[in-house]
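Read off the chains here:
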Amino acid sequence: LTAAIDHWTAPLATRAACIFAAIARLASCHDDPVGSARVNVTQTLALIERLVAHGIHVLFLSTNQVFDGTMPNMPADAPHSPVSEYGRQKAQVETALRRHIDRGAPVAILRLAKVVSPQMPLISGWITALSSGLPIHAFEDMRMAPTPIELVSGAIGELLQDRAAGIFQLTGPRDVTYAEVGYFLVDRLNANPRQVTVARARSSMPEGSTPWHTTLESQRLRDRYGFLAPDAWEVVDRMLSASRQTPDPVADDTFGVIAARH
């Protein structure tokens, strides 16, 4: 997306495309709003326009950052209220895509928040440190409603296969702070609570990094396809179990299916 795409064409027989490439770090967008907007807005929209012009279904991955995080379980039709540069850029693309959706084009938006994998470096690093008697630093003012990557992948697959149109959302049902996750791991690992050093992120991170809520109302995806994210502690427990054994692709996929059809 940093290069010219004027003469780019999709591979033959392409029916659908998921657009997820982006400069996604809030700090990177904050530090270089012009350069990041070229990728996240200008070039992304140019790519989408080329796909839509050829009748290719487009699924655009967006973010809870299009909202300010002052309310939980934001409905899909709520007006944009971004406070971060990244959120503003995503909202710009959404606004353009909603015009396509309103005229009946095969375009969908899937908003996500914190997507986690069994080997997420932060959590796996905490598990290793706590198990070894070492300290960890956890933010008490940064929250997440974790969604397993297997569940997200399944939802993307269904939306592409179905050539779905409209706005969909998928997050966990409630927020927990990173400090709460740290203490949860302490309890599961029988570690010493004093190993957790609580810190605050707001003073050292870009605006928008610490929304009070990250949850999005996800009923449409659940009602239409049966996808429902599990509770935060179930997700963290699964990550802890995965850290204790050799990753099993079949087991990981099974978790995705079970969580999706819960």
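Before any of the text, the structure's been laid out above.
Owing to the predicted nature of the structure, the values given are computational and were not obtained by experimental measurement.

What counts, and at which threshold
Each chain has its residues counted from 1, following the order in which its sequence is written. This being a predicted model, a pLDDT of at least 70 is required before a residue's local features are given, and a value of 80 or more before pairs of side-chain atoms are given or counted; all residues contribute to the totals for chains, interfaces and linings. Side-chain metrics in this entry use all non-hydrogen atoms of the structure; hydrogen atoms and water are not considered. Think of it this way: any DSSP run of H or I at least four residues long counts as a helix, any run of E at least two long counts as a strand, and we number them from the N terminus. This radius of gyration counts C-alpha atoms alone. The globule rule is 2.2 Å times how many residues there are, raised to the power 0.38. Contacts are residue-level and defined by heavy atoms, with any inter-residue pair within 4.5 Å sufficient. Areas reported here follow the Shrake-Rupley algorithm with a probe of radius 1.4 Å; residue values treat only the protein chains shown as occluding. Charge counting follows a simple rule: Lys and Arg are positive, Asp and Glu are negative, and His as well as the terminal groups are ignored. Where a charge lies is defined by one atom per residue type: Lys uses NZ, Arg uses CZ, Asp uses CG and Glu uses CD. For helices, the fitted line uses only the C-alpha atoms of the stretch in contact; every axis is such a line through C-alpha atoms, and the angle between N-to-C directions lies from 0 to 180 degrees. Note that the term roughly parallel is reserved for angles under 35 degrees, roughly antiparallel for angles over 145, roughly perpendicular for angles of 65 to 115, and oblique for everything else. Put simply, a crossing is left-handed when the front helix is turned counterclockwise from the back one by less than a right angle, and right-handed when it is turned clockwise. Ten residue types, Ala, Val, Leu, Ile, Met, Phe, Trp, Tyr, Cys and Pro, are classed as nonpolar, four, Asp, Glu, Lys and Arg, as charged, and the remainder, Gly among them, as polar. We count a salt bridge whenever a side-chain nitrogen from Lys or Arg sits within 4 Å of a carboxyl oxygen from Asp or Glu. To sort residues, take the accessible area from a 1.4 Å probe on protein chains only and compare it with the maximum for the residue type: under 20% means buried, over 50% means exposed, and anything in between is partly exposed. The method works on a 1 Å grid over the protein atoms by themselves. A cavity is a set of points holding a 1.4 Å probe that cannot get out, a pocket is an open set with protein on both sides within 12 Å along at least five of seven lines, and residues with an atom within 4 Å of a point line them. Grid points are joined across faces, edges and corners, and a volume is the space filled by probe spheres set on the points. Any two strands with at least two DSSP-identified bridges between them are counted as paired. To estimate how far a helix should extend, the number of its residues minus one is multiplied by 1.5 Å. Two N or O atoms count as a polar contact when they lie within 3.5 Å, although within protein this holds only if one can serve as hydrogen donor and the other as acceptor, and sequence-adjacent residues are included solely when both atoms are side-chain atoms. Only a pair of cysteine sulfur atoms within 2.5 Å counts as a disulfide in this structure description.

**Considerations on the overall build of the protein chain**
Counting secondary structure elements, the protein chain contains 9 helices and 10 strands. For 262 residues, the compact-globule estimate of 2.2 N^0.38 gives 18 Å, and the C-alpha radius of gyration of the protein chain, at 19 Å, lies within 12% of that figure. Seen through its C-alpha atoms, the protein chain measures out along the principal axes to roughly 60 × 40 × 35 Å. Across the protein chain, the fraction of contacts at a sequence separation of at least 24, relative to all contacts at a separation of at least 6, is 84%. Accessible surface for the protein chain amounts to roughly 12,800 Å². Of this, 55% is attributable to carbon and sulfur atoms. Of the charged side chains in the protein chain, 24 are positive and 26 negative; the average position of the first set lies 2 Å away from that of the second.

**Re the packing of helix α2 (residues 33–53) against helix α3 (residues 85–102)**
Look at α2 against α3: their axes get within 10 Å of each other, and the N-to-C directions meet at 20 degrees. Of the possible angle classes, the one that applies to α2 and α3 is roughly parallel. Considering only the axes of α2 and α3, their crossing is right-handed. Here Pro-33, Ser-36, Ala-37, Asn-40, Val-41, Thr-44, Leu-45, Ile-48, Glu-49 and Val-52 of α2 lie close against α3, whose contacting residues are Glu-85, Tyr-86, Gln-89, Gln-92, Val-93, Ala-96, Leu-97 and His-100. Here the contact of α2 with α3 is composed, by residue class, of 10 nonpolar, 6 polar and 2 charged.

**What to know about the pattern of salt bridges**
If you walk through the whole model with that rule in mind, you get 9 salt bridges. Note that Arg-224 and Asp-162 form a salt bridge whose closest N and O atoms lie 3.4 Å from each other. Pair noted here: Arg-224 is in helix α7 (residues 219–225) and Asp-162 is in helix α5 (residues 149–162), with a separation of 62 residues, a long-range link. Among the residues examined, Asp-162 registers a relative accessible area of 41% and is labelled partly exposed. Its salt-bridge partner being Asp-187, residue Arg-188 comes within 3.4 Å of it at the nearest N-O pair. Taken together, the shared-partner salt bridges in this structure form one network comprising Glu-140, Asp-141 and Arg-200.

**Here's the deal with the layout of surface pockets**
Of the volumes computed, that of the largest pocket is approximately 1,100 Å³. Taken together, 34 residues line the largest pocket, and the ones lying closest to its centre are Ala-24, Arg-25, Leu-26, Ala-113 and Lys-114.

**Here we look at the sheet that holds strand β2 (residues 57–63)**
Strand order in the open sheet formed by 4 strands is β1-β2-β3-β8, with parallel pairing between adjacent strands. The open sheet has two edge strands, β1 (16–19) and β8 (166–170), and neither has a second partner. Taken over all neighbouring pairs, the strand axes of this sheet differ in orientation by 20 degrees on average, direction set aside.

**Looking at helix α8 (residues 232–243)**
For α8, spanning 12 residues, the distance from its first C-alpha to its last is 17 Å, which sits close to the expected 16 Å at 1.5 Å a residue. Along α8, the residues that are buried comprise Ala-232, Trp-233, Val-235, Val-236, Met-239, Leu-240 and Ala-242. For α8, the elements touching its buried residues are β4 (115–116), α4 (121–131), β7 (147–148), β9 (176–177) and α6 (178–189). Looking at where α8 begins, the residue whose side-chain oxygen comes 3.1 Å from the main-chain nitrogen of Trp-233 is Asp-231.

**So, the environment of Ser-84**
With respect to the helices and strands, Ser-84 occurs in the loop between β2 and α3. Linking Ser-84 and Ile-167, residues 83 residues apart in sequence, is a C-alpha distance of 21 Å. Residues within four places of Ser-84 in sequence aside, it is in contact with Leu-26, Gln-65, Glu-207 and Gly-208. Among the polar contacts made by the side chain of Ser-84, one reaches the main-chain amide nitrogen of Gly-87 at a distance of 2.9 Å.

**A look at the state of the cysteines**
According to the stated counting rule, one finds 0 disulfides in the structure shown. Free of any disulfide, Cys-18 has its nearest neighbouring cysteine sulfur in Cys-29, separated by 18 Å.

**As for the side chain of Gln-169**
If you trace the backbone, Gln-169 turns up in strand β8. Given a relative accessible area of 2%, Gln-169 falls into the buried group. Among the polar contacts made by the side chain of Gln-169, one reaches the main-chain carbonyl oxygen of Glu-217 at a distance of 2.8 Å.

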